[in-house]
Amino acid sequence: MSDHAVLHVKGRVLVGPEDVRDELWVVGGRVCHDRPAGARDVRTVEGWALPGLVDAHCHVGLGADGPVDADTAEKQALTDRETGTLLIRDAGSPSDTRWVDDRDDLPKIIRAGRHIARTRRYMRNYAHEIEPDELVAYVAQEARRGDGWVKLVGDWIDRDLGDLSACWPREAVEAAIAEAHRLGARVTAHCFAESSLRDLVEAGIDCIEHATGLTEDLIPLFAERGVAIVPTLVNIATFPQLAAGGETKYPRWSAHMRRLHERRYDTVRGAYDAGIPVYVGTDAGGSLAHGLVAGEVAELVTAGIPPVAALSATSWGARAWLGRPGLEEGAPADLVVYESDPRADVRVLAAPRRVVLNGAVVE
């Protein structure tokens, strides 16, 4: 990266979906909307500027078999940065990635600590695997370790049942979510199926990941409670392949996964139409590559979400939801510059002209 005393971003600056300005300045790594007096050593970047993109479901430090070394985690973060993702909500990682906070050249991370799963009901080496009577204590532990979020595994395949089923009894999640909120943390949960959703939402959960099991009868409950969803459609695209792999051993589960996949776009559009907050997340890490935010935004548009709303789900709206600034005066200068208006065609997100992180142009 190259550091410059003053950066001038000119063209069209999308401070908000309708707040479009002709320019902004970067001084000392921060946004300035007025030309600084006596500016020297000015570098100019031209195009359409957006706040740095958000991946609200990403896993830095996680690989297919569990935690990865720091060099691999760095490559993951750099891949996200190159594609314009400058803010990550890490939705569960067994690796300690606090060292990233000391690097001005890597995306900012909001951590949810390590996944909390039921014993033998998740992928090996990913989560704390515990029983319901331990849930409150582990939620408290991860709330203290994280950056204001805790991640539960709400459902997973039950091998005896041969299908997805809820992992936690209602009273356990009620107590755990109450404890997280007492400690100032929000709670999210991995949920593919239908069965865990009502209990989690009525227990006060803040967000549901994937949400493929969101049905018409549950949508009003989500909307009433303001529970957000992060659909991770680029991950849901893998369901047919997963179903094929489990067909012989778990035919009921395989058929269920196919049904969830087939209705994925209707599910997301139904949620959006009902006023449920929808945010962009890729589920990068584990088995999925990093740098897929542009593809996820395009998937939301394919599902029927208007392009500006899909953009907001990875920029203005997502940053507000996570409590991080966009391009306001004095905010850290994290932004991405494109050749053309991303509101007109979200596919432009796949080809940033320039990425600016902490006021420095990524070279």
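Every value quoted in this text rests on a predicted model; they were computed, and no experiment measured them. Residue numbering note: each chain is counted from 1, following its sequence as written. Only residues with pLDDT of at least 70 are given local features in this predicted model, and only at 80 or more are side-chain atom pairs given and counted; all residues enter the totals for whole chains, interfaces and linings. Values reported for side chains reflect all heavy atoms of the structure, with hydrogen atoms and water molecules removed beforehand.

A. Structural context of a positive patch on the surface. Put simply, a patch holds well-exposed residues, over 30% relative accessible area, that have no salt bridge, with like charges counted together within 9 Å and Val, Leu, Ile, Met, Phe, Trp or Tyr side chains within 5 Å. For the accessible areas, the method is Shrake-Rupley and the probe is 1.4 Å, while residue cover comes only from the protein chains on display. What makes a salt bridge here is a side-chain nitrogen of Lys or Arg within 4 Å of a carboxyl oxygen of Asp or Glu, nothing more. Residues scored as positive are Lys and Arg, those scored as negative are Asp and Glu, and His as well as the terminal groups of each chain are ignored. Charge placement uses NZ in Lys and CZ in Arg. For Asp and Glu, CG and CD serve respectively. On the surface, Arg120, Arg124, Arg159 and Lys249 cluster together into a positively charged patch. Helix and strand labels come from DSSP, where a helix needs a run of H or I of at least four residues and a strand needs a run of E of at least two; each type is numbered from the N terminus. In this structure, Arg159 sits in the loop between β12 (155–158) and β13 (163–166).

B. Structural context of the pattern of salt bridges. For the coordinates displayed, the defined rule picks out 26 salt bridges. Between Arg98 and Asp147 there is a salt bridge, and its shortest N-O distance comes to 2.9 Å. In this pair, Arg98 sits in the loop between β7 (85–90) and β8 (108–111) while Asp147 sits in the loop between α2 (135–145) and β11 (149–153), placing the two residues 49 residues apart along the sequence. Relative accessibility thresholds used throughout: buried, under 20% of the residue-type maximum; exposed, over 50%; partly exposed, between the two (1.4 Å probe, protein chains only). Its relative accessible area of 31% is what places Arg98 among the partly exposed residues.

C. Broad picture of the environment of Ile130. Relative to the elements of secondary structure, Ile130 occurs in strand β10 (residues 128–130). Since its relative accessible area comes to 2%, Ile130 is described here as buried. The spatial distance from the C-alpha of Ile130 to the C-alpha of Ile276 is 31 Å, given a sequence separation of 146 residues. In this structure, Ile130 is in contact with Ile116, Ala117, Arg118, Thr119, Leu135, Tyr138 and Trp168, ignoring residues within four places of it in sequence. The criterion used for residue contact is that any of the two residues' heavy atoms lie within 4.5 Å.

D. Molecular detail of the sheet that holds strand β4 (residues 42–51). Note on pairing: two strands pair once DSSP finds at least 2 bridges between them. Strands sit in the order β3-β2-β1-β4-β18-β19-β20 across an open sheet of 7 strands; the sheet is mixed. Taken across any chain shown, the strands that pair with only one partner, and hence form the sheet edges, are β3 (30–32) and β20 (360–361). Bridge analysis of strand β1 (residues 6–14) against strand β2 (residues 20–27) gives 7 bridges, and the strand direction is antiparallel. The residue bridging Leu7 from the neighbouring strand is Val26, located in β2.

E. Just the state of the cysteines, in detail. Two cysteine sulfurs form what is called a disulfide whenever their separation falls within 2.5 Å. One pass over the full model with this rule turns up 0 disulfides. For the unlinked cysteine Cys58, the closest cysteine sulfur is that of Cys207, found at 15 Å. Sulfur of Cys207: no disulfide; nearest cysteine sulfur belongs to Cys191 and is 9.7 Å away. We classify Cys207 as buried; its relative accessible area is 0%.

F. The nonpolar core, seen in detail. Side-chain atoms within 4.5 Å link the members of a nonpolar core, which is a set of buried Ala, Val, Leu, Ile, Met, Phe, Trp, Tyr and Cys residues. Counting 79 residues, the largest nonpolar core has Leu135, Ile205, Ile208, Phe222 and Leu300 as its most contacted members. Residue contributions to this core peak at 5 residues, all from helix α3 (residues 170–182). Grouped together as the second largest cluster of nonpolar side chains are 15 residues, Val13, Val15, Leu24 and Ala333 included.

G. The pairing of strand β14 (residues 186–191), seen in detail. For β14, a buried count of 5 out of 6 residues is recorded, marking the element as mostly surrounded by other parts of the structure. Direction of pairing for β11 relative to β14: parallel, over a ladder of 5 bridges. Following the sheet pairing, Val150 is matched in β14 by Val187. Sheet topology note: the β14/strand β15 (residues 207–210) ladder contains 4 bridges and is parallel. The residue of β15 that forms the bridge with Ala189 is Ile208. For a crossover, the right-handed case is the one in which the path from the first strand over the helix to the second runs clockwise, viewed with the strands pointing away from the viewer. With respect to chirality, the unit in which β14 leads through helix α4 (residues 197–202) into the neighbouring parallel β15 is right-handed.

H. Just the side chain of Thr282, in detail. Relative to the helices and strands, Thr282 is located in the loop between α9 (264–273) and β17 (284–286). For the purposes of these results, a polar contact is taken to be a pair of N or O atoms within 3.5 Å, where, inside protein, one atom must be able to donate a hydrogen and its partner to accept one; residues adjacent in sequence count only when each atom of the pair is a side-chain atom. Side-chain polar atoms of Thr282 contact the side chain of Asp55, separated by 2.6 Å. One polar contact links the side chain of Thr282 to the main-chain amide nitrogen of Ala284, over a distance of 3.1 Å. Excluding residues within four positions of it along the chain, Thr282 makes contact with Asp55, His57, Thr232, Val234, Asn235, Leu288, Leu292, Val293 and Glu296.

I. Local environment of the pairing of strand β5 (residues 53–63). Within β5, 11 of the 11 residues are buried, which leaves the element mostly enclosed by the surrounding structure. Pairing of β5 with β7, which is carried by 4 bridges, proceeds in the parallel orientation. Following the sheet pairing, Asp55 is matched in β7 by Ile88. The pairing of β5 with β17 spans 2 bridges and is classified as parallel. Each residue of the ladder has a partner; that of Gly63, found in β17, is Gly286. As defined by bridge partners, β5 adjoins strand β6 (residues 66–67) across 2 bridges and the pair is classed as antiparallel. Bridge pairing in β6 places Gly63 opposite Gly66. Connecting β5 to the next strand, β6, in antiparallel fashion are 2 residues.

J. Seen up close, the side chain of His256. Locating His256 in the fold gives a position in helix α8 (residues 251–262). Overall, His256 belongs to the buried group, its relative accessible area being 6%. In this structure, His256 is in contact with Asp163, Leu164, Ala193 and Glu194, ignoring residues within four places of it in sequence.

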